[in-house]
Amino acid sequence: MISIDYELEDAGWAVAKIGNGLSERTIIVSYLHDTLKQLGESAIYIKEAKAKRVVFMDEPGEHHLLISVVSEHELEFELRWFDDWTDWNAIEDENFELVLSGKTTIVNYVNEVRNVLLNIWSEFGPETYKKKWVNHEFPVNELETLK
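Definitions and limits used
- Residues numbered from 1 in each chain as written.
- Predicted model: local features only at pLDDT ≥ 70, side-chain atom pairs only at ≥ 80, totals over all residues.
- Heavy atoms only, no water.
- Helix = DSSP H or I, 4+ residues; strand = E, 2+ residues; numbered from the N terminus.
- Rg over C-alpha atoms; globule rule 2.2 N^0.38 Å.
- Buried < 20%, exposed > 50% of the residue type's maximum accessible area, 1.4 Å probe, protein only.
- Contact = heavy atoms within 4.5 Å.
- Areas by Shrake-Rupley, 256 points an atom, 1.4 Å probe, with all protein chains shown as cover.
- Lys, Arg positive; Asp, Glu negative; His and termini not counted.
- Charge placed at Lys NZ, Arg CZ, Asp CG, Glu CD.
- Pairing = 2+ DSSP bridges.
- Axes fitted to C-alpha atoms, helices over the stretch in contact; angles between N-to-C directions.
- Core = buried A, V, L, I, M, F, W, Y, C linked by side-chain atoms within 4.5 Å.

Chemist: Help me understand the overall build of the protein chain in this model?
Modeler: If you tally the helices and strands in the protein chain, you get three helices and seven strands. Computed over the C-alpha atoms, the radius of gyration of the protein chain is 14 Å, within 12% of the 15 Å expected from 2.2 N^0.38 for a compact globule of 147 residues. C-alpha extents for the protein chain along the principal axes are approximately 40 × 35 × 25 Å. Expressed as a percentage of the 147 residues in the protein chain, the buried residues total 46%. For the protein chain, the proportion of contacts with a sequence separation of at least 24, taken over those separated by at least 6, is 51%. In the structure as shown, the protein chain presents an accessible area of about 7500 Å², 46% of it carried by carbon and sulfur atoms. In the protein chain, 14 side chains carry a positive charge and 28 a negative one; their mean positions are 5 Å apart.

This is the structure in structure tokens:
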């Protein structure tokens, strides 16, 4: 099973934790990428797309959460670390370290993402989120879709 925790810190920073039931990886997340929106979209569109990528940009480097549907109810996930930004073409997509992987149900993944969005919404609301996250609005549409 996958577990996802996402906590806003000081302006422009968050800490995410992703686990597979055996271990957990702590991830520093920068405001330079709209990770929370991308996380919500991944849960909404995973069945249609069959595979999604969520970027957790740090300064420097980034983690990528790759999720792939393997059956009607199950998906596989990998968490990869890149020493620089693939999203901005500073490093090639093949230059990563696999730091975590596992399988989970689609329902579990969607519920984990929904809970992340609900927790941030209830703790901060959209105005405080925008002040903390600077470049990006709170993903209201994604939260409403996942409710």
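Having seen the model, we can carry on.
Chemist: Just checking my understanding: could you explain the sheet that holds strand 4 (residues 51-57) for this structure?
Modeler: Strand pairing in a sheet relies on backbone hydrogen bonds, with the paired strands running either antiparallel or parallel. With antiparallel pairing, the four strands of this open sheet are ordered in space as 4-5-6-7. The open sheet has two free edges, formed respectively by strand 4 and strand 7 (97-105), since each of these has just one partner strand. Ignoring which end each strand starts from, the neighbouring axes of this sheet average 15° apart. In this structure, strand 6 (residues 74-82) lies alongside strand 7, joined through eight bridges in antiparallel fashion.

Chemist: Which parts of the structure should I look at to understand the environment of D58?
Modeler: Mapping D58 onto the fold places it in the loop between strand 4 and strand 5 (62-69). The class of D58 is buried, set by a relative accessible area of 15%. Sequence separation between D58 and D84 is 26 residues, and the spatial gap between their C-alpha atoms is 8.6 Å. When near neighbours in sequence (up to four residues on either side) are disregarded, D58 contacts W13, I28, S30, W81 and W85.

Chemist: So what exactly am I meant to see when it comes to the nonpolar core here?
Modeler: For soluble globular proteins, the rule of thumb is that nonpolar side chains tend to be buried together. Y6, F56, L65, Y109 and I120 are the most contacted members of the largest nonpolar core, which has 35 residues in total. Per element, the largest residue contribution to this core is 10 residues, and it comes from helix 2 (residues 106-133). Not counting the four nearest positions on each side in its chain, Y6 is found in contact with A14, V15, A16, V29, T35, L36, F56, V116, I120 and W133.

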